[in-house]
Amino acid sequence: CILSGSWKNELGSNMTISAVNADGGFTGSYHTAVTASDKRIQLSPLKGSQKHTSQRKQPTFGFTVSWTFSNSITVFVGQCFVDDKQKETLKTMWLLREEVGSRGADWKATRVGTNVFTRNK
Ligand code: BTN
């Protein structure tokens, strides 16, 4: 299962991941289909790492998306799975942290969810 390439999730968000380097590092870009902000969506950079580059068939990985159009940040963790028909899916969980105005508002600053990505053909 190869992380590099173009992926889409069930929300309609698209991301492109570059080649994974020898240390497992990768970069890419993320175009979200939805936003919790009131801003206009813009393409945002992502940075991540994959475990045990090319040594494992179904590697784990994590990446951070630093949204260019809001004050929030999202981290994703997941695993790349490949089925018996060689179809690849990225099963992920994410945490979205938004900026709040005070410590008293900290309780509502983090969202959690899951996303499943399939490769764009
Ligand atoms: C924001 O709303 O401040 C930035 C965009 C957040 C989009 C989130 S990240 C988790 C979930 N998966 C997506 O593809 N988009 C949303």
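For the chain, an unreviewed UniProt entry supplies the name Avidin-like and the organism Chelydra serpentina. Regarding the chain, the relevant UniProt record gives this comment under Subcellular location (unreviewed entry): "Secreted". Regarding the chain, the UniProt comment filed under Sequence similarities (unreviewed entry) reads as follows: "Belongs to the avidin/streptavidin family."

Novice: Before we move on, could you go through the overall build of the chain and cite the residues and values that matter?
Specialist: Counting its regular elements, the chain contains zero helices and eight strands. Written out in order from the N terminus, the α and β elements of the chain read β-β-β-β-β-β-β-β. For a compact globule of 121 residues, the expected C-alpha radius of gyration is about 14 Å, and the chain comes in at 15 Å, within 12% of that figure. Overall size of the chain, expressed as C-alpha extent along the three principal axes, is 45 × 25 × 20 Å. Within the chain, the fraction of its 121 residues that count as buried is 33%. In the chain, the share of contacts with a sequence separation of at least 24, taken over all contacts with a separation of at least 6, comes to 38%. By element, 52% of the accessible surface of the chain is carried by carbon and sulfur atoms, the whole surface being about 7400 Å². Side chains of the chain give 16 positive and 9 negative charges; the mean places of these two sets differ by 2 Å.

Novice: So what about the environment of Leu90? Which residues, and what values?
Specialist: Along the chain, Leu90 turns up in strand 7 (residues 88-97). The exposure class of Leu90 is buried, given its relative accessible area of 0%. For the pair formed by Leu90 and Val77, sequence separation is 13 residues and the distance between their alpha carbons is 9.6 Å. For Leu90, the residues in contact, after removing those within four places along its chain, are Leu3, Trp7, Met15, Phe61, Gln79, Cys80, Asn115, Val116 and Phe117.

Novice: Lay out the site of the ligand with the relevant residues and their values.
Specialist: As a structural note, the neighbourhood of the ligand is formed by 16 residues, with Ser13, Tyr30, Thr35, Ala36 and Ser70 the closest of them. In this structure, a nitrogen atom belonging to the ligand sits 2.9 Å away from a side-chain N or O atom of Thr32. Ser70 is positioned with one of its side-chain polar atoms (N or O) 2.7 Å from an oxygen atom of the ligand. Contact with the protein chains removes 97% of the 410 Å² of surface that the ligand exposes when unbound. More than half of the atoms of the ligand fall within 2 Å of the grid points belonging to the largest pocket. Looking at the shell around the ligand, its residues break down into seven nonpolar, nine polar and no charged.

Reading the values: rules and limits
- Residues numbered from 1 in each chain as written.
- Predicted model: local features only at pLDDT ≥ 70, side-chain atom pairs only at ≥ 80, totals over all residues.
- Heavy atoms only, no water.
- UniProt positions renumbered as here; feature names shortened; annotations may be inferred.
- Helix = DSSP H or I, 4+ residues; strand = E, 2+ residues; numbered from the N terminus.
- Rg over C-alpha atoms; globule rule 2.2 N^0.38 Å.
- Buried < 20%, exposed > 50% of the residue type's maximum accessible area, 1.4 Å probe, protein only.
- Contact = heavy atoms within 4.5 Å.
- Areas by Shrake-Rupley, 256 points an atom, 1.4 Å probe, with all protein chains shown as cover.
- Lys, Arg positive; Asp, Glu negative; His and termini not counted.
- Charge placed at Lys NZ, Arg CZ, Asp CG, Glu CD.
- Near = heavy atom within 4 Å.
- Polar contact = N/O pair within 3.5 Å; in protein donor to acceptor, adjacent residues only side chain to side chain.
- 1 Å grid on protein atoms, 1.4 Å probe; cavity = no way out; pocket = protein on both sides within 12 Å on 5 of 7 lines; lining within 4 Å.
- Sits in = over half its atoms within 2 Å of the grid points.
- Nonpolar A, V, L, I, M, F, W, Y, C, P; charged D, E, K, R; others polar.

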